[in-house]
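Notes for the structure review
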Amino acid sequence: MTNERGEARERAILAAVIRLLGETGYEAMTMDAVAAQAHASKATIYRRWPGKAELVRAAVDAHIAGRVPADQDTGSLRGDLLAVLQAMRGHLTPEFMAMMSGLVHAMRTDRELAASLRSLIDQDAVAEQIIGRAVRRGELPAAAEQSLARLVHEVIEAQLFRQLMMSAELDAAFARHLVDDIILPLLAGTIARPGSPG
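This is a predicted model, so every value here is computed, not measured.

Regarding the overall build of the protein
- Regarding its fold elements, the protein presents 10 helices and zero strands.
- Scanning the protein from its N terminus toward the C terminus, one meets helices and strands in the order α-α-α-α-α-α-α-α-α-α.
- Oriented by its inertia axes, the alpha-carbon framework of the protein measures out at about 55 × 40 × 30 Å.
- Counting only residues that meet the buried cut, the protein has 39% of its 198 residues in that class.
- Just so you have it, the protein exposes about 10,900 Å², and 53% of that area is on carbon and sulfur atoms.
- For the protein, the separation between the mean place of its 22 positive charges and that of its 25 negative charges on side chains is 3 Å.

Thoughts on the packing of helix 4 (residues 52–64) against helix 7 (residues 111–122)
- For the pair helix 4 and helix 7, the least separation of the axes is 8 Å and the interaxial angle reads 25°. As far as their axial angle goes, helix 7 and helix 4 are roughly parallel. For helix 4 against helix 7, the interelement crossing comes out right-handed. Contact residues: helix 4 offers A53, E54, V56, R57, V60, D61 and I64, while helix 7 offers E112, L113, S116, L117, S119 and L120.
- Residue composition of the contact of helix 4 with helix 7, by class: seven nonpolar, two polar and four charged.

As for the layout of surface pockets
- Reported here for the largest pocket is a volume of approximately 940 Å³.
- If you trace the largest pocket, you find 30 residues lining it, with I64, H91, F96, L120 and H153 closest to the centre.
- Broken down by secondary-structure element, the contributors of at least two residues to the lining of the largest pocket are helix 4, helix 5 (77–91), helix 6 (94–107), helix 7, helix 8 (125–137) and helix 9 (145–165).
- Broken down by element, the lining of the largest pocket gets its largest block of residues, seven residues, from helix 9.
- Grouping the amino acids of the lining of the largest pocket by side-chain chemistry returns 19 nonpolar, six polar and five charged.

Considerations on the packing of aromatic side chains
- Counting across every chain of the model gives zero aromatic pairs.
- Sitting over the ring of Y26, K52 keeps its end group 4.3 Å from the ring centre.

Concerning helix 8
- Look at helix 8: 18 Å from first C-alpha to last across 13 residues, which is about the 18 Å you get at 1.5 Å a residue.
- Turning to helix 8, its buried residues are V126, A127, I130, I131, G132, R133, A134 and V135.
- Buried residues along helix 8 sit in contact with helix 5 and helix 9.
- Just past helix 8, the residue G138 takes up positive phi, approximately 90°.

A short note on the packing of helix 5 against helix 9
- Two elements in contact, helix 5 and helix 9, have axes separated by 13 Å at closest approach and are oriented at 40°. The element helix 5 and its partner helix 9 pack so that their crossing is right-handed. Across the interface between the two elements, L81, L85 and M88 from helix 5 touch V152, I156 and L160 from helix 9.
- Tallied by class, the residues present in the contact of helix 5 with helix 9 amount to six nonpolar, no polar and no charged.

Topic: the pattern of salt bridges
- Considering all chains together, one arrives at eight salt bridges under this definition.
- For R137, the salt bridge identified is with D80, shortest N-O distance 2.9 Å. Of this pair, R137 sits in helix 8 while D80 sits in helix 5, and the two are 57 residues apart along the sequence.
- The class for D80 is buried, based on a relative accessible area of 0%.
- As a salt-bridge pair, E139 and R137 come within 2.8 Å of each other at their nearest N and O atoms.
- Taking the relative accessible area as the measure of exposure, E139 reaches 35% and is therefore partly exposed.
- Where salt bridges share partners, they join D73, D80, R133, R137 and E139 into one cluster.

Reading guide: rules and limits
- Per chain, the residues get numbers from 1 upward, laid out in the order the sequence is written.
- Local features in this predicted model are restricted to residues of pLDDT 70 or higher, and side-chain atom pairs are both shown and tallied only at a pLDDT of 80 or more, whereas totals for entire chains, interfaces and linings draw on every residue.
- The basis for every side-chain value is the complete set of non-hydrogen atoms in the structure, without hydrogens or water.
- Secondary structure is summarised from DSSP: a helix means a run of H or I of at least four residues, a strand means a run of E of at least two, and numbering begins at the N terminus for each.
- The buried label applies to any residue whose accessible area, calculated with a 1.4 Å probe on protein chains only, is under 20% of its type's maximum; exposed applies above 50%, and partly exposed to all values in between.
- Per-residue accessibility takes into account occlusion by the displayed protein chains alone, with areas from the Shrake-Rupley method and a 1.4 Å probe.
- Charged-residue counts in this description rest on Lys and Arg as positive and Asp and Glu as negative, His and the chain ends being excluded.
- Charge placement uses NZ in Lys and CZ in Arg. For Asp and Glu, CG and CD serve respectively.
- All axes here are fitted lines through C-alpha atoms, helices being fitted over the stretch that makes contact, and every angle between N-to-C directions spans 0 to 180 degrees.
- Note on terminology: angles under 35 degrees are roughly parallel, angles over 145 are roughly antiparallel, angles of 65 to 115 are roughly perpendicular, and the others are oblique.
- Each crossing is labelled by how the near helix is turned from the far one, with a counterclockwise turn of less than a right angle marking it left-handed and a clockwise turn marking it right-handed.
- Contacts were defined at the residue level, with two residues in contact if any of their heavy atoms lie within 4.5 Å.
- In this classification, Asp, Glu, Lys and Arg are treated as charged, Ala, Val, Leu, Ile, Met, Phe, Trp, Tyr, Cys and Pro as nonpolar, and every other residue, Gly included, as polar.
- A 1.4 Å probe that fits into a set of points on a 1 Å grid over the protein atoms alone but cannot get out defines a cavity; an open set with protein on both sides within 12 Å along at least five of seven lines defines a pocket, and lining residues are those with an atom within 4 Å of a point.
- Grid points are joined across faces, edges and corners, and a volume is the space filled by probe spheres set on the points.
- Here the aromatic set is Phe, Tyr and Trp, taking the six-membered ring for Trp, and pairing holds for ring centres within 6.5 Å; pairs whose planes are under 30 degrees apart are stacked, those over 60 apart are edge-to-face, and all others are tilted.
- Either the NZ atom of lysine or the CZ atom of arginine qualifies as a charge over a ring when it sits within 6 Å of the ring centre and within 35 degrees of the ring normal.
- One less than the residue count of a helix, multiplied by 1.5 Å, gives the span that helix is expected to have.
- Salt bridges, as used here, are contacts in which a Lys or Arg side-chain nitrogen is within 4 Å of a carboxyl oxygen on Asp or Glu.

So this is what it looks like as structure tokens:
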């Protein structure tokens with residue numbers, strides 16, 4: 001029971017961080033405000049997270065987790081990519097994008113925050129799992145697994161931000177275009193080139 005209360009308190013703290021980031025931004029968010037919104041003591045927060053940057057990283061991780069399922073195996077690389085892009089439609093809300101934009105801006109002046117969040121931006125566990133499954137199916141070469149996962153992450157990230165900047169839809173037509181016209185041909189070309197990654 002104690003463990004359940006602890007988990008509930010942690011969820012309340014992390015949810016409070018997300019709310020405050022959306023309302024005030026990173027710079028104005030204080031541990032006092034988080035404690036007040038979560039109905040928790042600052043001592044409780046500091047026992048779990050040593051500082052604001054670590055707390056924000058944990059909150060963003062928790063917010064993202066489960067919203068874009070990495071373990072949805074459709075049986076093909078194309079199907080997995082389309083499924084993830086479909087899931088992203090509900091995840092990449094204007095509120096979430098505004099929050100992340102604010103954090104990226106704050107990273108330019110806050111080295112501690114930048115160090116905490118850099119791996120979140122640089123790495124993509126979902127892309128790694130999708131490419132890993134494609135390798136196990138024989139759709140992609142094992143030797144290039146890590147570099148291809150990074151490539152997929154970079155392409156999806158760039159195209160999503162382009163669509164959002166243009167206020168364009170993240171609909172099924174966009175997903176098919178991104179997968180069929182960009183990602184799959186790019187992967188095929190990368191694998192076919194002599195001296196390709198891996």
